[in-house]
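Next come the chains, spelled out residue by residue.
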Amino acid sequence: MFVRLQQSRWPKLLLWVVIIAAIVAAPAVLPVFRLNLLGRFLSLAIVALGIDLIWGFTGLLSLGQGIFFALGGYAAAMYLQLNSSAGFPNGIPEFFGLYGVKQLPAFWVPFHSPLFTLVAIWLIPAVLAAVLGNLVFRNRIKGVYFSILTQAALLVFFNFFNGQQKLINGTNGLKTDVTQLFGQMVGSPEMQRGFFWFTALMVIAAWAVVRWVVRGRFGDVLIAIRDDEPRLRFAGFNPTLFKTIVFAIAGGLAGIGGALYTVQSGIVSPQYMTVPFSIEMVIWVAVGGRGTLVGAILGAVAINYAKSLVSEAMPQSWLFIQGGLFILVVTALPEGVIGWWRSDGPRNLLSRLGIARRMGTYPQLELEGQEEVQP
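Here the structure is a predicted model, which is why all the values come from computation and not from measurement.

Caption draft 1: Structural context of helix α10 (residues 216-234). Taking 1.5 Å of rise per residue, the 19 residues of α10 would be expected to cover 27 Å, yet its terminal C-alpha atoms sit only 21 Å apart, more than 12% below that figure. When the local axis directions of α10 are compared, the greatest deviation, roughly 125°, occurs at aspartate 228, which is followed within four positions by the proline proline 230. Residues Gly219, Val221, Leu222, Ile225, Glu229 and Leu232 constitute the buried set of α10. Of the surrounding elements, those touching the buried residues of α10 are α3 (32-57), α9 (189-214) and α11 (239-265). In the stretch just after α10, glycine 236 is the one whose phi turns positive, near 100°.

The following block contains the structure:
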């Protein structure tokens, strides 16, 4: 029974019905604070989808997605700062006056335009990811060396942004909750409710885009890169191009997630580029299920909500719980929760509890095999 249920489309459909119903009901059930937290976690789910694309489907474990996440956040914050600085001296954000800056730096000027900002939020991270990725992939660097390089790049960007006091307010970051958008304060409950709905729609749109990317021949090539890249090269494909494309898509998704997270958290700072935060992103996907997409969404939301609740009750205990989750996934659930369900996990669990598994007869096995072959 479990096998037929897992192979059918009803569990997936039911899961999406539950997710959408929960999103629709959240504003009526949750207080403003909890709704704001859920909006932030949904924005993190967009980042997790990108990580699942490059890690779960392509086998590229990036530990530097915080770079692209922060760039998207800074792009959104710079526009909001400029949009709300008309009353300050010289018409520039207030923090510039603290460092004696009287003229707006040149790279800030384009962010006066809302259209430029909407494009820059995802395009700048995507282009940077494509450039960095191409430099690495064309030299056939992969595996643990790729992970180390992405983490090294993360440290470089963190230290650079951390020291730019006169340009982007350095360690203090850029605040967005007291800025104005559409005539209202960004941190107001009305605006935050609107950001929640927009983030929920963006999560579904991001899932649809990634789902479209991994389907068909392009998705088959990504899986071939993950499983046996030398054979793919022998077949005449250029893995460098495919890996660069998916790394750029993941960077763009991280930028979108960073922008949405910034406007709902009220600030962006170099702390988004810290190593632990980028490692947490990987844990979300690992727990939810690599290569499942929906597992990345559920992992990001569930783990961050658990982190919030546990930190409120026992502030010092979350790191131990997070470490335990990672050990559990590595040792017992290497495919994550969703992968465990799809790989006959419930039946194996019943057998471990002492409930005998019913063995199928030969006609039944043959029938199930025919059902799997049918398109």
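So much for the structure itself; the text now carries on.
Caption draft 2: Molecular detail of the layout of surface pockets. Roughly 470 Å³ of volume is contained in the second largest pocket. Breaking the lining of the second largest pocket down by element, the ones donating at least two residues are α4 (65-83), α6 (114-137), α9 and α11. A total of 5 residues in the lining of the second largest pocket trace back to one element, the largest contributor, which is α6. When the residues that make up the lining of the second largest pocket are grouped by side-chain class, the tally is 16 nonpolar, 1 polar and no charged.

Caption draft 3: A look at the nonpolar core. If you look at the biggest cluster of nonpolar residues, it comprises 105 residues, and the most contacted ones within it are Phe69, Trp108, Leu174 and Trp284. Broken down by element, the residue count for this core peaks at 16 residues, all from α3. Aside from chain neighbours lying at most four places away, what touches leucine 174 is Tyr74, Ala77, Met78, Gln81, Phe95, Trp108, Ile168, Asn169, Gly266, Ile267 and Val268.

Conventions we followed
Residues numbered from 1 in each chain as written. Predicted model: local features only at pLDDT ≥ 70, side-chain atom pairs only at ≥ 80, totals over all residues. Heavy atoms only, no water. Helix = DSSP H or I, 4+ residues; strand = E, 2+ residues; numbered from the N terminus. Expected span 1.5 Å × (residues − 1). Bend = angle between axes of the 7 residues up to and from the residue. Buried < 20%, exposed > 50% of the residue type's maximum accessible area, 1.4 Å probe, protein only. Contact = heavy atoms within 4.5 Å. 1 Å grid on protein atoms, 1.4 Å probe; cavity = no way out; pocket = protein on both sides within 12 Å on 5 of 7 lines; lining within 4 Å. Points joined across faces, edges and corners; volume = space filled by probe spheres on them. Nonpolar A, V, L, I, M, F, W, Y, C, P; charged D, E, K, R; others polar. Core = buried A, V, L, I, M, F, W, Y, C linked by side-chain atoms within 4.5 Å.

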